[in-house]
Structures are given as C-alpha cells and as structure tokens.
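Observations on chain architecture
So you can see what is in the structure, the chains are spelled out below.
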Amino acid sequence: MIRPDAPILLEIQGLHASVDEQPILNGVNLTIRAGEIHAVMGRNGSGKSTLSKVLAGHPAYTVTAGSVRYQDVNLLELEPEQRARIGLFLGFQYPVEIPGVSNLEFLRVATNARRQERGDDELDTFAFEDLVRERLNVVQMDPAFLERSVNQGFSGGEKKRNEILQMALLEPLVAILDETDSGLDIDALRIVASGVNQLAGPHTATLLITHYQRLLDLITPDFVHVMAAGRILRSGGKELALELERTGYDWVDAELARQPVEVP
Amino acid sequence: MAGSTAWLEGLAGAPVPSRRLEDWRFTDLTALAAIHPKLAMAPDPLAGVTLPAGVSRLSSEAVEALLGRALHANHSEQHWLVQLNQGIQPAVVGLGVSGAAQPLELICDAGEAEGLVPWRILLVLEEGASLELLQVQRSSGANATTVITEVLLGAGSELRLGSLGLGDRQACLLTHLAVEQAPGSTLALTSASAGWALSRFEPRVVQSHGAAHTQMRSLQWVDDQQCADTHSAIRFDGPGGTLDQLHKAVADGAARSVFNGAISVPRAAQQTEASQLSRSLLLSDRARIDTKPQLEIVADDVRCAHGATVSRLQQDELFYLQSRGIAAAQASRLLLRGFCDEVLRGLPAAAATWRPLERLLGADTQLSPDPEQPAAPLGKV
Amino acid sequence: MSSAATVGDLVSQPYKYGFVTDIETEKIAKGLSEDVVRLISAKKEEPAFLLDFRLRAYRQWLRMTEPDWATLGYPAIDYQDIIYYAAPKQQQKKASLDEVDPKLLETFEKLGIPLSEQKRLSNVAVDAVFDSVSIATTYKEKLAEHGVIFSSISEAVKEHAELVERYLGTVVPSGDNFFAALNSAVFSDGSFVFIPKGVECPMELSTYFRINSGDTGQFERTLIVAEEGASVSYLEGCTAPMFDTNQLHAAVVELVVLDDASIKYSTVQNWYAGDENGVGGIYNFVTKRGQCRGERSKISWTQVETGSAITWKYPSCVLQGADSVGEFYSVALTNHRQQADTGTKMIHVGPRTRSTIVSKGISAGHSVNSYRGLVQIGPKAVGARNYSQCDSMLIGDQAGANTYPYIRCQQPEASVEHEASTCRISADQLFYLQSRGIGFEEAVSMMVSGFCRDVFNQLPMEFAAEADKLLALKLEGSVG
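Computed from a predicted structure; not experimentally measured. (Residues numbered from 1 in each chain as written. Chains lettered and ligands numbered in written order. Predicted model: local features only at pLDDT ≥ 70, side-chain atom pairs only at ≥ 80, totals over all residues. Heavy atoms only, no water.)

Across its full length, chain A holds nine helices and 12 strands. The C-alpha radius of gyration computed for chain A amounts to 18 Å, which stays within 12% of the reference 18 Å derived for 264 residues, consistent with globular compactness. Counting only C-alpha atoms, chain A reaches 60 × 40 × 40 Å along its principal axes. Within chain A, the proportion of its 264 residues that are buried is 54%. Intrachain contacts of chain A at a sequence separation of at least 6 include 72% that bridge at least 24 residues. Put simply, chain A shows about 11400 Å² of open surface, and 48% of that area lies on carbon and sulfur atoms. In chain A, the 25 positive side-chain charges and the 38 negative ones have mean positions that sit 3 Å from each other. (Helix = DSSP H or I, 4+ residues; strand = E, 2+ residues; numbered from the N terminus. Rg over C-alpha atoms; globule rule 2.2 N^0.38 Å. Buried < 20%, exposed > 50% of the residue type's maximum accessible area, 1.4 Å probe, protein only. Contact = heavy atoms within 4.5 Å. Areas by Shrake-Rupley, 256 points an atom, 1.4 Å probe, with all protein chains shown as cover. Lys, Arg positive; Asp, Glu negative; His and termini not counted. Charge placed at Lys NZ, Arg CZ, Asp CG, Glu CD.)

Okay, here's the thing in structure tokens:
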C-alpha cells in the first residue's frame, strides 16, 4: 500500500559496507514508508543478503560510509538485540541450529524483550503458551516444534516457518525477509507467504529479498529494486519483477558499465 | 625362561620403562626378557629390490642432514623405543621420492635370527611427490625387531603407507614411526599386526603448519598370552588440518590389547577437524582391553570428536547369519572378517600377497563351498 | 523482574560469598604431627577406634607422595604451614538454635541458608559446617521420627558409635590416596546420614560447608548409609571468603548402599576460585566414592563445579551388587586461571551392572578443564553396560579442554561406549539470538545452560535454577 504521506520507517542513504576489508555494499539508497512492501532482487553476490545482515547489525560487516535511520534513531549505533527490540526483524536465509536451547524458552525470552521495550507486561510461561499457540496458526506449525531445540533437526521448510512464527510473536515494524522462499516447496511457500501477508499492515513495512518471481506472485510488492555490485541499479513497481522474469539479468552488466561504482 | 633386560638398558642408555609410567602401565615387557641378549645382523630391506622410477637412495649428506628431524618434530627423542634403536645405530635406509612414484615394498624380516634386530628408515617425499609404500615386519623366531621409520612429507605430497607386522609367538616388535607433514600433504597410514608375543607400535604425526590431511587405520589382533599396544600421537601445529583415525583391536585367549590415542590441538590450530574412533572386540573372558583416548584442545574454533566402544560380536548380527543356516563359529568368523576388513582393505595392493586376513582368521574364512560369496553384506559390523 | 535484568544483576557482582565473618575462633598451632592428630581426637572426645583410625592413616600418609598425574600445576603445598583444627569459640554444640552465636546464624543467612525456625527451607534439612565444626542441624527431630539419622559426624561418633565404626573407611580406606589419608588423619567434621531399612527419606538433606579462616585447611568427612530399600537425596554446597592465599580443602565422602537402596548425591561447588590473575582460591582435593553393595542398588552423583582454584575430584561408584546402577552427571566450568581435573570411576564388579556418565566441561579465560574418567569392567561383570558422553565447550582461544576417558574391559559379555565432542559458542548462533532481541550475556547464558541441560535436569528442583545463575555469573566478561 503506497501512501506518499505515510511516515518513513527506514531510510538508507549512501550505505557502504565491507566484510574482511572487501567492499560489498557500494552506496545503497532506499526509503521505506509505513504500509509498503519492497522487494530487492538481484543475482547471487549482488549484495542483497549483505544489506539485510548490515541492517540487522551482524558483527562481521563493517559499515564504512552512509547512514541508516529507523524512525528517528540512528540504527547503525545500536546492538543487534536493541534493533530487534525496537521492531526491526530479520528472517534469516539460513537460520542456525542452537542445540540445547529450547525453542519455546527462546521464543518467550525474545517476545518478552520486545514487549518490555514497548512498555507491555511480560508474559509468564502460561500466558506465553496461550499466545504462542494462537500464533502457531499463522504458519500452521505443529506445536511439537516448540519442545525441540531452536531449529535443531528442522527441515528447511520448518526452519522458515519458525522464522515467520518469530515474526508473528515479535510484531516488527520493519520485517526484512532474506530469501525466505529458498528451499521451500510450493505448499510451504504458500503457508509462509500467507503468514507474511497476514502480518503486513498499514503501520508496518516489509522488505523481501528474493531471487525469484514466485514469491512475488504470492506477496505483491509495491516497489521492486534490482541490486547489482552492491547498490540499487534500478527501481520500479511490481511490473519490474515480471520484466526480470522475462529478460533475466543480462542487461545488468551493460547498465553497470554505464554507472561505475562510486568510491566513498 | 625369564632372562634379564639389563643389556637393553645398556643399549638404550635408559632404564627399561617401568609399568609405573603412565605410557607403559598396561604393557607387559616380560617377553623382551626372553630374547637372547645379542645384536643380530639386520638384512638390508633393499637387497635385490629394484627401486621404482621416482624413488632413489638418499645421499649420505642428505641422510645426515635430515635424520632425526621427524623425531625431533614429534618430541620422540626421549621415547624408550627410539633411545634403544638409536643406541644401536643401525645402518640407515634413506629413500627420496620425487614425482609420482610406483609402489614400493620394504621387508624387514628378522627370520629365525636370535637377539635384537634393528632397522632404521628415512623416507623423504619432495614437494608434490606421491608414493605407495608397504612396510612389512616379519619374524619366525625368538627375536625382537626394532624399527624406527622417519617420514618427511613435503608440501602437497601424498604417502599411502602400509605397515604389516606378521610375527612369531616368541617374537617382539618395537616400532616407532615419526611423520612430519608440510601443509597440503596427505598421509594415509594403514597398519595391521598379529602373531607377536609383544608388539608396541608408536605412530606419531605432526602437521608442522597444519593444513595437512592425516588418515590412520589400524588393527591389532592378539591371542594366547600376547600383548599388543598402540600409542599414537597426532599434533596440529597450525590451522586447518584434518585427522580421521580408526583403531581396531581384537583380543582373544588371555591376551591383552592396549590403545592410547593422543590428539593435541594447540591454540595455533584453529579450524582443525579431528575424529578418532576406537573399536575393540573382546572375544574371551580371560583377555583384556585397555583404551584411552587423550584429547587436548586449546583452540575454540575446532571440531574434534572421539568415541570408543568395547564389546563382543553383535549378537543380533550373529543371529541373523545363523538364521540363514550358517554355523555359529563360522558366522563369528565372517563377522570378524568384516570387522578386520574395514582396516585391511586400506593396505597397499602389495599386501594381498601376504594374505593378512587369512593369517588372522585362519584359512577357513571363506564361506565354503562357494569362496566367491560376496562379503559385502556381512561386512557391516 | 525480567530475566534479562536478572542476568544483568548477576554479572555485575563478582564472587558474592567472599566476606569474612569476624568471630573468635579457637585454632591449634600450625603444622601436622602425631601429636596434632591426637590433639584433634582428644578435643573431639573420640572413642579409641577412631584415634586408631586416624593414627593409622597418618602413618600411611607419611609414606605417601602427593599425586602428580593430573593435568594440574600449582606450587608445592607446605603441609606444615596449615592449621588443622579451627572452630568458632562456642563450646559444645547447642541443643537449640537460639543458643548458637547470632553471628554464625547471620553468616549462613547471608549465604542464603537461613537456619532459624521461622526462615528455614520447608523441605530441606540442613547441616551447617563452619570451618571445622558443624554448628547446627535442622529438622533433626522430624527426621528422627522416621528413623533417619542426620547429624554432624562428630555427634554421630558419640551417639551412634557402632554405626560409624561399622562403615567409616570401608569405602575409602584410610590409605586410599594421599589426600584421603590426610583427611582420615585430621578430619574435623562433616555430616553423617543413616537411612534405615525401607525408609524413603521424607525431605532433602543438605550440608553447607563454609570455610572462614584464611590459614585453616578444611577436612570434612561425610558418610551416608542407605540400608535395604532406603532412599535419600542429599545436596552439598560450598563457599569460602576471598583471600589472596590458597586454602586446602581435602574432603572424603563415602556412600554405602544396600539392596534396592539408592542415594542421589548432588554438589554445587562454589568455593572461592581466586581472582582473574589466579591469586588465591581453594585447592579442592576431594575423594568421593560410593559402593553399591546391594543388588539393584543405585548411586547417582550430580555435580556442578564452578569454584576453586584447583579441583581434583572423581566421584566414583563401585558397582558390586548384581544389577546395581551408577550415574555421574557433571558440569565443570573454569574461567580465568582455574584448573579442574575431574571425572569419575565406574568400577563394574557385579553382573548386569549399569553406568551412565554425562560430563559437560566449559573452559573460558586461561583456564584448563580436564575430564578424566575410568570405566572398568571386571571379569565377573557379565552383561555390564556403560555409556559415557563427554562434551567440551570452549570459550575463547586461550582456554584448554582435555579429555582422558580410560576404558578397561575384561568381560566379553559387556558393552562400553564412549562419545566425546567439542563445541563453542559460534558468532552466528549469538547473532541469531541477538537479532531476536536477546542481549549478549543472556544469549551466552542460554546457550551455556542449554549445553548443560542434561546435567541440570538431574539436580533437585530448588537448585537447578541456582546452578543456572551461577554459571552465568561465572562467565562474566569471558565471551566476545
């Protein structure tokens, strides 16, 4: 939903970032307003996943230039957990397994950390169980997964559902979903997409990072951005994704040659 | 029959290890005392051997420059087996390898000699060289064989090393192997021993800068009053090395099997991946098995796992075979064959002529009357 | 209060039991001799059999040398520079708690062990040992109604001499090892528990050991006997003040279990560990052993070892009775310059005996943490089974984790299985938890307690949460 007067939730300006001194992001600009769904597409290695990790504050990446404002705070100054508590959510492409840590306990601690930030009461074990069982419906997940260790032994699809379950519990303002569609069969993809659609609303925004059109058939983006060589090369509406589906990414090289990378 | 081991102390310049020492706690050296106290002439393992292309004798200068280096790198100098062999100063068989060499076999045959028979071998693989070598230690009399083998593996070189010890019930085998691996080198060591009154095998490997690959497969089989002891030690002195170690033992009669496997992963050895598995079969209630993995880690980004099992043959597997009409004794032999074969099949091809499996299990290992019966489905012990 | 805040509070406090109670203490002169052994025995008005036991041990000790096989490094201990007997000046143990020096009651209250009638824990009976002496035992009368004896060992020597004489030193003989011999010669106090035939002890029993004096060695002795069909769960806790010298603690624990009986023995060890440079801290050299004498008897050791500069401790089970069961669940955490060499021995003697070992070692800072265990299957242990699992977690690249699992097997109809692994807290796992709003320290603490869960599950309920917090506290500042 595009409303030009809606408040800006996330504003990325001239963002450069590197890992092991290797520049990956080379000047990303992106503005996201409440109610919008953005899709970032691009080939492998274009910097899409890096963008999501930098926004979430992964310690392996160093921001070398640029700024990211989230509502009225400087996002880059915050620890990863602080970013999560104020409503930024990253759905991981490859959620890690954490043996020994109970999924239910993890979800409860995370949910309470977010609730505390918003001034809500903490949920005790019983109240939380009620909440989590209700939210399980969003992703049609088997409650048995609550009793296991975080992501341990989950299939690819189960891991992704667990990610969306976390999103449903944390109620983020800005959700970044990194290749949430990868490794999912069509049924799982539908469930995940429907979860995302249920959670999207006029006051929140979603940033989908994806390779393929198929996710965008299920979640309609308001804006599509094509990333290459660490920046956004082109932006457009949902028709841009369809065009990519037809033409592929070959035009990107020609375009890149015309727009040399700026050095910060 | 019990003689004295004082003469060995004289040779080694150090007392025969006492069982109060942790490294010798379970190893009964009385069989050594029965050996006639004299030095015997060790036949030249290269006599009558045509060295394959790519393998040449090292010059005496090269031997002088390189001898002792692998021992030093493995902190082996103070080990009693090394002191004993060095005290005797046997002639050094020095071999250099460049390029991809054809397989080679080195036979140290103590035969029926009486006394102590010493060998010392130095093997140097140049950068990128590769070799398949089978070392055979044999005895058919009341003697003690001492062999030190030093191996220097240059960057990117590959050595497939088989060590086959086929003993005599009166004979002792004392072998120390010290390998220094440069980065990118690969060592695939397979050893098997059986038939000795006493055998002590000390394979030691250091990956001097990490980033090398070590695979070790060993099998020791003891029966009657025999004692076999393997003390392995692997150290990673740099990052990114791998180790895949499997040690197997079978103890029957009133025999004793000892395994001590040390793995050391110091701080410099980040990203090491090491695994060690020790599997022992105890076939008699008079035999005994002692195993002790020894893992020492001071690096956090490593993956090290080890495991050990001691048991008899799996009863459900035995039952399965019996339910197909195979007699219990033969079913056991078949399972044992599978157990041993997992190690033995790693030996260089030349080992086949020594028929190691038949020596371990007796002639009756084949399913008669059809000796071509495939062993594969029976091999999963 | 949020759990995140709890961890915050915890990590802001270093060792919180480091205070010293200012109380007048009666001490004997430093040093050890036959006269000192006689003096201790005389002070405690002991019967002749016990003096003989002590003297025998002392003479054996004189001929022994300190063990050096463990992966430990520490300066030589001067056994003549230690005080072997210290007791708060308060003659005679009081019949009523009202007569106990309020300073002592206050000390234990500060340690979270209220002893007074109004405040004490409702379902845990406590024996409180201060330096060398037991100062109070709660719920004695209530336990006595069930025939359960729970008292200091000094009292037991007087009131139940025949029981003590029958069992003392039968599991850990006076000359068992250097430290056990030392303990047998000079032990001061400790707890005695006797659960008669068929009785299930109606409450948790607990002994709380407090070292207060800076120059005193602590040598307590615990003896627990469960007769046929009896069962008991027992917990010991330990703390000490912060001194920059090292104190020696050499305890002996003996457990005897008869047919169908069981003892569950849990330890939360939090002796002072020394500072981050390794100055000060307790040297903890402890011999703990239980004997499953009866058929179908069971001993379960659970330990959470977080304190001490040096820990040398191998709670063991001798599985004599047919079908008897031994268990060992251990978490050992070392940080800074701590050294721990701990594990267990499972000695399978009888047929169909079973044992389980689960050991979790966490090494941080510059510490060294070794698991050393022995599983021995004797020739008569037909059908015996053991399963062992030893996992190490490394935090930082300066800490050491060693694993030495011995297996000795003489019985073909037995099976022994050992598995070990190492892991660390990976940056990706931490980031994942953080990206869900969980703070750094709490994320670490969640992962550490997840790693230890198999062991914490074995602790009595009241103490599992304590153990969790203790680990978080001990790991302060060691990750990242």
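So much for the structure itself; the text now carries on.
The helix and strand inventory of chain C stands at 12 helices and 24 strands. Projected onto its principal axes, the C-alpha positions of chain C cover 65 × 60 × 45 Å. Within chain C, the proportion of its 480 residues that are buried is 66%. Sequence-distant contacts in chain C: of pairs separated by 6 or more residues, those separated by 24 or more amount to 83%. Accessible surface for chain C amounts to roughly 16200 Å². Of this, 49% is attributable to carbon and sulfur atoms.

Its identity is not glycine, yet Gln140(A) carries a phi of approximately 50°, on the positive side. Positionally, Gln140(A) belongs in the loop between helix H4 (125-139) and strand S8 (149-150). The exposure class of Gln140(A) is exposed, given its relative accessible area of 52%. Its identity is not glycine, yet Asp224(B) carries a phi of approximately 50°, on the positive side. Its place among the elements puts Asp224(B) in the loop between strand S11 (213-222) and strand S12 (227-236). On the basis of relative accessibility, which here comes to 34%, the residue Asp224(B) falls in the partly exposed class.

Time to look at the pattern of salt bridges. Residue and element names in this part refer to chain A. According to the stated counting rule, one finds 46 salt bridges over all chains in the structure shown. A salt bridge links Arg118 to Glu171; its shortest N-O distance comes to 2.9 Å. Taken together, the positions of Arg118 in the loop between helix H3 (103-117) and H4 and Glu171 in the loop between helix H5 (156-170) and strand S9 (174-178) put the pair 53 residues apart, joining distant regions of the chain. Judged by its relative accessible area of 34%, Glu171 is partly exposed. (Salt bridge = Lys/Arg side-chain N within 4 Å of Asp/Glu carboxyl O.)

Once that is clear, we can look at the interface of chain C and chain B. The partner chain B presents 36 residues to the 29 residues of chain C that form the contact. Of the roughly 2800 Å² buried at the junction of chain C and chain B (both faces included), carbon and sulfur atoms supply 48%. Considering only the surface of chain C that becomes buried against chain B, Tyr406(C), Arg408(C) and Pro412(C) emerge as the three largest contributors, covering 20% of it. Between the two partners, chain C and chain B, sit three salt bridges. A salt bridge links Glu413(C) to Arg312(B); the shortest N-O distance between them is 2.5 Å. Where chain C touches chain B, the interface holds 15 residue pairs in polar contact (both at pLDDT 80 or more). Looking at the side of chain C that touches chain B, the elements with two or more residues in it are strand S23 (400-409) and strand S24 (415-424) of chain C. Tallied by class, residues from the side of chain C that touches chain B come to 12 nonpolar, 11 polar and six charged. Here strand S17 (residues 303-311) of chain B runs beside S24(C); their pairing, made up of six bridges, is antiparallel. (Buried area = accessible area lost by both parts, 1.4 Å probe. Polar contact = N/O pair within 3.5 Å; in protein donor to acceptor, adjacent residues only side chain to side chain. Nonpolar A, V, L, I, M, F, W, Y, C, P; charged D, E, K, R; others polar. Pairing = 2+ DSSP bridges.)

Residues and elements named next belong to chain A. Bridge count for strand S11 (residues 223-228) against strand S12 (residues 231-236) is five bridges, and the pairing is antiparallel. When the bridges of S12 are listed, Val226 appears paired with Arg234. Remark: two residues form the turn of the hairpin made by S11 and S12, two consecutive strands paired antiparallel; Ala229 in that turn has positive phi of roughly 50°.

Right, let's get into H5(A). Residue and element names in this part refer to chain A. Its 15 residues give H5 an end-to-end C-alpha distance of 21 Å, which sits within 8% of 21 Å, the value for a rise of 1.5 Å per residue. For H5, a buried count of 12 out of 15 residues is recorded, marking the element as mostly surrounded by other parts of the structure. All buried positions along H5 are accounted for by Gly157, Lys159, Lys160, Asn162, Glu163, Ile164, Leu165, Gln166, Met167, Ala168, Leu169 and Leu170. One or two residues past the end of H5 sits Glu171, with phi positive at roughly 45°. (Expected span 1.5 Å × (residues − 1).)

Let's shift gears to helix H8 (residues 238-247) of chain A. Residues and elements named next belong to chain A. By the burial criterion, the buried members of H8 are Leu240, Ala241 and Leu244. Summarising the axial view, the buried residues of H8 lie within an arc of 100°, below the 170-degree limit, and thus occupy one face. H8 presents Glu245 and Arg246 as exposed residues on the side facing more than 90 degrees away from its buried surface. The positive-phi residue at the C-terminal boundary of H8 is Gly248, with phi of around 75°. (Arc of directions from axis to C-beta.)

Residue and element names in this part refer to chain A. Structurally, His58 is set in the loop between helix H1 (48-56) and strand S4 (61-70). With relative accessibility at 10%, the residue His58 sits in the buried group. Linking His58 and Pro80, residues 22 residues apart in sequence, is a C-alpha distance of 7.0 Å.

With that settled, the discussion passes to the packing of H4(A) against H5(A). Residue and element names in this part refer to chain A. For the pair H4 and H5, the least separation of the axes is 9 Å and the interaxial angle reads 125°. Between H4 and H5, the angle is such that the two are oblique. Seen along the crossing, H4 lies across H5 with a hand that is right-handed. Contacts between H4 and H5 involve Phe128, Leu131, Val132, Arg135, Leu136, Val138 and Val139 from the former and Arg161, Ile164, Leu165, Ala168 and Leu169 from the latter. (Axes fitted to C-alpha atoms, helices over the stretch in contact; angles between N-to-C directions. Parallel < 35°, antiparallel > 145°, perpendicular 65-115°, else oblique. Left-handed = near helix turned anticlockwise from the far one by under 90°.)

Further remarks concern the sheet that holds strand S10 (residues 205-210) of chain A. In a beta sheet, neighbouring strands are held together by backbone hydrogen bonds and run either parallel or antiparallel to one another. Residue and element names in this part refer to chain A. The sheet built from six strands is open, its strands ordered S6-S9-S10-S3-S11-S12 with mixed pairing. The open sheet terminates on both sides in strands that have one partner only, identified here as strand S6 (88-91) and S12. Strand-to-strand, the axes of this sheet are offset by a mean angle of 20°, without reference to chain direction. Judged from the five bridges that link them, S9 and S10 form a sheet pairing that is parallel. When the bridges of S10 are listed, Leu177 appears paired with Leu208. Sheet strands touched by H8: strand S3 (37-42), S11 and S12. Its angle to S12, the strand with the most contacts, is close to 110°. Where helix H9 (residues 250-258) meets the sheet, it contacts S11 and S12, and its direction lies at approximately 115° from that of S12.

In this structure, the largest pocket encloses a volume near 1100 Å³. If you trace the largest pocket, you find 35 residues lining it, with Glu22(B), Arg25(B), Pro67(C), Trp69(C) and Lys345(C) closest to the centre. Elements with a minimum of two residues in the lining of the largest pocket: strand S16 (288-297) of chain B together with strand S13 (281-292), strand S19 (345-348), strand S21 (368-377) and S23 of chain C. Split into classes, the residues belonging to the lining of the largest pocket amount to 13 nonpolar, nine polar and 13 charged. (1 Å grid on protein atoms, 1.4 Å probe; cavity = no way out; pocket = protein on both sides within 12 Å on 5 of 7 lines; lining within 4 Å. Points joined across faces, edges and corners; volume = space filled by probe spheres on them.)

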